[in-house]
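# Notes for the structure review
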Amino acid sequence: MIVASSLAAFFLGPVSPSQFFSFHRLSHLHPSPSLPAADLLRVTSRRLILASKVQSVSTMAKEEQNVGNVKQQLAKLFESALNATVPNEPDIEPLVAACTAKFGDYQCNNAMGLWSKIKGKQNEFKGPPAVGQAIMRNLPQSEMVESCSVAGPGFVNVVLSKNWIAKSLQKMLIDGIDTWAPRLAIKRAVVDFSSPNIAKEMHVGHLRSTIIGDTLARMLEFSHVEVLRRNHVGDWGTQFGMLIEFLYEKFPNWEDVTETAVGDLQAFYKASKQRFDSDPEFKEKAQKAVVQLQGGEEKYRRAWAQICEISRNEFNRVYQCLGVHLEEKGESFYNPYIPEVLKELTSKNLVEDSQGARVIFIEGFNIPLIVVKSDGGFNYASTDLAALWYRLNEEKAEWIIYVTDVGQQQHFDMVFRAAKRAGWLQAEGNTYPKASHVGFGLVLGEDGKRFRTRNTEVVRLVDLLDEAKSRSKTALIDRGKDIEWSEEELEQTAEAVGYGAVKYADLKNNRLTNYTFNFDQMLNDKGNTAVYLLYAHARICSIIRKSGKDVEELKNTGAIVLDHADERALGLHLLQFSEIVEEACTNLLPNVLCEYLYNLSENFTRFYSNCQVVGSAEETSRLLLCEATATVMRKCFHLLGIIPVYKI
């Protein structure tokens, strides 16, 4: 759901008109208000920058070690070994990675790099293999390590103790999976995502931003970061004069009008645009309406608020289906801050006059960043600079993440470079405060072109979600579930599977690539789909139920034993959950978590095929391993915004 925070911003002061009409978020024009917020802005302008402490975003918080992160725990052991091996080489960061080779579970890869640093200096080593051997000898004893070996040019391979893996899994089951949450060095982040335009329908293009942004927010929240989920809606701009006049004309009692009366928002927008283009008298009225709106005229402000509210209700229906929560801070909210932000940038000699416009020249780009158009109007860059200033100084965010299509990459690169020149962001890319653009590719139809309806219209998101649920329900009915289940169970499962299928089909791809939208593929119960994974989770729950055992009691009375190779492989994969979430979170790549989840399901299938659970001598241990798998799967589903199903 979205919470409106923008209306109050409109009463900060009168504004002046700018050039009329724009369509796309990148080209919204903004008025230049007299700014009551200016005093606040001047006082706090550099507060965050002066107070910031430069640290790596991916660095774990020192005061709270993440007990679930195997890589981090091994890194601490190898840090001690490296210090003992080369005491005169300070600040050597351990390079530890999970490995798929048969030699071990993890590998320390410092030997070659270390040899290049110490070669030529007086030391006992003859080459990288000798360095690797020394690192292995100096590794402190630990219950987590079963054995070590050195391979090739000094790679130190580590085999983890199966008893330690088992104890770690059991501890998670007792203490809860939140004890495995990564601990990033940052405390607060802004995730800017979804961001539809008022008076326009949410379409399939908004799907990717909404789904990806929600997952990134969930992963950060799980990692103990306070996340400000921001919906930067297009709720300000000169097109509102046209919409308001059309509202007045079509509905004389406009104050009582509802979204039912307005009907299709997209049709309403198109009709008003057609009238604007074809009727000079209407066009003149619309232009005057802009002046009235931006000047604070009460009647026009109320009409503007009415249009925004109708759109907002439509957006909320989509967010409710997707289970997404956002707080709305639209373009109107940041608009009053623009003049003082530009004044600060000008005082730092960043803003220059160029062909009647005011611009910031950015090294490495052929075009400047226009911050005031030649007609005196503000634009998307003006708003984004004001929003970035506000998020750093007022909201105290350490990491600001923007989730938009890849076509906006250059724009954000330029905005971030301008902010670095102003001293708002750290010059180094891996320190904070920092800003990141999370780009994503197009949603394509099966013809390989942008996904549209047969009449070339953009697909409405609410229709697409309804179709996913409907198809999911039909598949369940075909399996006879309408007879076995109540109507409520059928509806809930159809929603969970249908909406989950749409989300997972998007998230499993590298976000930078285009992907083809295909209902048949995403609702297939075989292969790397949400349906397959949800069914796999339901089967695990069924195994536990059919055992007749109280799994909560078993957590405290039983013990996990990993004697079979497939038991150990499953246990090791479960234990890697924390570092996978950290990797996906730090690199802003949800597909990393999807790949982990699918591989987890495959590991469980292999275990279940080769290791009898119910009725075996190892039943208690294997039931606990089933429960650990289901627990990790449920957390993965949660992070991906997918509701798990427990029976199928």
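Cut-offs applied
Residues numbered from 1 in each chain as written. Predicted model: local features only at pLDDT ≥ 70, side-chain atom pairs only at ≥ 80, totals over all residues. Heavy atoms only, no water. UniProt positions renumbered as here; feature names shortened; annotations may be inferred. Pairing = 2+ DSSP bridges. Helix = DSSP H or I, 4+ residues; strand = E, 2+ residues; numbered from the N terminus. Contact = heavy atoms within 4.5 Å. Expected span 1.5 Å × (residues − 1). Buried < 20%, exposed > 50% of the residue type's maximum accessible area, 1.4 Å probe, protein only. Polar contact = N/O pair within 3.5 Å; in protein donor to acceptor, adjacent residues only side chain to side chain.

The protein appears in an unreviewed UniProt entry as arginine--tRNA ligase from Carya illinoinensis. Turning to the protein, the UniProt annotation filed under Sequence similarities (unreviewed entry) states: "Belongs to the class-I aminoacyl-tRNA synthetase family." According to its UniProt record, the protein has this under Function (unreviewed entry): "Forms part of a macromolecular complex that catalyzes the attachment of specific amino acids to cognate tRNAs during protein synthesis."

Attention now goes to the pairing of strand β5 (residues 155–160). For strand β3 (residues 106–108) and β5, the ladder comprises three bridges, and the chain directions are antiparallel. Of the residues in β5, the one forming a bridge with C108 is V156.

Moving on to the environment of L476. In this structure, L476 sits in helix α17 (residues 461–478). It is 7.6 Å that separates the C-alpha atoms of L476 and L490, two residues lying 14 residues apart in sequence. In this view, L476 contacts K481, D482, W485, L490, T493, A494, Y535 and I648; residues no more than four positions away in its chain are not counted.

Look at α17: 26 Å from first C-alpha to last across 18 residues, which is about the 26 Å you get at 1.5 Å a residue. For α17, the full list of buried residues reads L461, V462, L464, L465, A468, K469, S472 and L476. Lining the buried residues of α17 we find α7 (204–222), α12 (298–322), α18 (481–484), α19 (487–507), α20 (519–522) and α21 (530–547). Downstream of α17 by one or two residues, G480 has phi in the positive range, about 85°.

Okay, the side chain of R391 next. On the secondary structure map, R391 appears in helix α15 (residues 380–393). A distance of 3.0 Å separates polar atoms of two side chains, one belonging to R391 and the other to D192. For R391, the side chain forms a polar contact with the side chain of Y402, separated by 3.4 Å.

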